[in-house]
Amino acid sequence: MRRLNRKKTLNLMKELDAFPKVPESYVETSASGGTVSLIAFTTIAFLTIMEFMVYRDTWMKYEYEVDKDFTSKLRINIDITVAMRCQYVGADVLDLAETMVASADGLIYESVVFELTPQQKELQRMLQLIQSRLQEEHSLQDVIFKSAFKSTSTALPPREDNPLQSPDACRIHGHLYVNKVAGNFHITVGKAIPHPRGHAHLAALVSHESYNFSHRIDHLSFGELIPGIINPLDGTEKIASDHNQMFQYFITVVPTKLHTYKISAETHQFSVTERERVINHAAGSHGVSGIFMKYDISSLMVTVTEEHMPFWQFLVRLCGIIGGIFSTTGILHGFGRFVAEIIFCRFRLGSYRSTSVPLPDGHTSNHLPPITDNSTH
């Protein structure tokens, strides 16, 4: 009884077989089929390798939402060198919300030589080259996000020599915290002093001939400091053509959450528009000589997430490649054989055309002449 049930089960499973086997004696092979098979296997191997490379790669996904955090402080990281002595310049931030000077105690004033060493110049040229490529190819920013914390800092290395000339510039570096509202960070002549209606700078004690706001921005970023991230103004160098010259940078700061397989941080990206002009009150160009960075905070927040292709999706795509190549090559090979057989059949029919045989009554017969005994000898 069990054997009968087992046989019925096996017979039922055989009837459900969707992949019937063809005996080898009924299989016909050909040189054209072998060639097509070789091409199919080569194509499958190539596409499989390419698909595996895509599977190993990652990409950045950008999501946008409204930034609801307006109570936290915004950190500004600064490293700027100005071609003036430290006692002649002052840096501070004017908060437009409270119209008061934000504390700039976190900034350090260091007397340095403005001229760079050959090694520092080479690193600066490389940074400027990267900046130019980033402006042309925005997809490179994804590569920078992925390599965060793996690459070195963009700050210039210290001088490897001892300069003979005395320091003629002031390096202002450090960080400060401001409210997340529009503001104005500026470097101008004289130290800043508090004022009931805003702020003022003690510029009367500085000679007008000593004004020189040629500057180099080694680093400027907002939010958490992440090594390896290149910001739009890193490596910027401006040379003043006049004593009374104003450099303006209009910055739009975008809060950004960065989530990669290496790091997870909250930072800020920004875009910038530059403008410079000579102060000439007689010509109607009013203002104050100095370096002004006016920033505004965007109401949108960007979440950048590094994503990877799931393994199941890789298997599905791989099965699609293998099945698609086999099906396509089989169809093409069958169609090619069909066309070839039609052409060869017509050629064979043309070679066996019937010959005309004259009849006694003057008519012709298109049939072949009958075979007689004499014709066989």
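Quantities reported herein were computed from a predicted structural model and do not represent experimental measurements.

Enquirer: Can you walk me through the UniProt feature "transmembrane region" (unreviewed entry) in the protein in this structure?
Expert: Annotation from UniProt places "transmembrane region" (unreviewed entry) at residues 35-55. Between the end C-alpha atoms of residues 35-55 the distance is 30 Å, and the span holds 100% helix and 0% strand.

Enquirer: Please clarify how the packing of aromatic side chains should be interpreted in this entry.
Expert: Two descriptors summarise a pair of aromatic rings, namely the distance from one centre to the other and the angle between the planes of the rings. Enumeration over the complete set of coordinates arrives at nine aromatic pairs. Look at F222 and F270: their rings are 5.4 Å apart centre to centre, the planes differ by 75°, and that puts the pair in the edge-to-face class. Remark: F270 occurs in strand β13 (residues 264-278) and F222 occurs in strand β10 (residues 215-223); sequence separation between them is 48 residues. Overall, the relative accessible area of 2% leaves F222 in the buried class. Note on F270: relative accessible area 8%, which makes it buried. Members of the aromatic cluster, each reached through a chain of ring pairs, are F52, Y55, F311 and F314. Seen from the ring of F114, R216 lies directly overhead, with NZ or CZ sitting 5.0 Å from the centre.

Enquirer: How should I be thinking about the pattern of salt bridges in this particular structure?
Expert: A side chain with one charge can pair with a side chain of the opposite charge if their charged atoms come near. Tallying each qualifying case throughout the model produces eleven salt bridges. The partner of R216 in a salt bridge is E237, with the nearest N and O atoms 3.9 Å apart. Pair noted here: R216 is in strand β10 and E237 is in strand β11 (residues 236-238), with a separation of 21 residues, a long-range link. Among the ionic pairs, K238 bridges to E274, the shortest N-O distance being 2.9 Å. Here the residue K238 occupies a position in strand β11, and E274 occupies one in strand β13, the gap between them amounting to 36 residues. Among the ionic contacts, a cluster of salt bridges with common partners joins K61, E63 and E307.

Enquirer: Just checking my understanding: could you explain the environment of V288 for this structure?
Expert: Its place among the elements puts V288 in the loop between β13 and β14 (290-297). Residues V288 and N244 lie 44 residues apart in sequence; the distance between their C-alpha atoms is 7.8 Å. Apart from the residues within four sequence positions on either side, V288 is in contact with T188, M246 and I279.

Enquirer: I keep staring at the pairing of strand β6 (residues 169-179) and nothing clicks. Help me out?
Expert: In summary, the side chains of a regular strand alternate between the two faces of the sheet. Pairing geometry for strand β2 (residues 73-82) and β6, over ten bridges, is antiparallel. By the bridge assignment, V82 is partnered in β6 with C170. As paired strands, strand β5 (residues 107-112) and β6 are joined by six bridges and run antiparallel to one another. Across the sheet, I108 pairs through a bridge with H173, a residue of β6.

Conventions adopted
- Residues numbered from 1 in each chain as written.
- Predicted model: local features only at pLDDT ≥ 70, side-chain atom pairs only at ≥ 80, totals over all residues.
- Heavy atoms only, no water.
- UniProt positions renumbered as here; feature names shortened; annotations may be inferred.
- Helix = DSSP H or I, 4+ residues; strand = E, 2+ residues; numbered from the N terminus.
- Phe/Tyr/Trp six-rings, centres within 6.5 Å; stacked < 30°, edge-to-face > 60°.
- Buried < 20%, exposed > 50% of the residue type's maximum accessible area, 1.4 Å probe, protein only.
- Lys NZ or Arg CZ within 6 Å of the ring centre and 35° of its normal.
- Salt bridge = Lys/Arg side-chain N within 4 Å of Asp/Glu carboxyl O.
- Contact = heavy atoms within 4.5 Å.
- Pairing = 2+ DSSP bridges.

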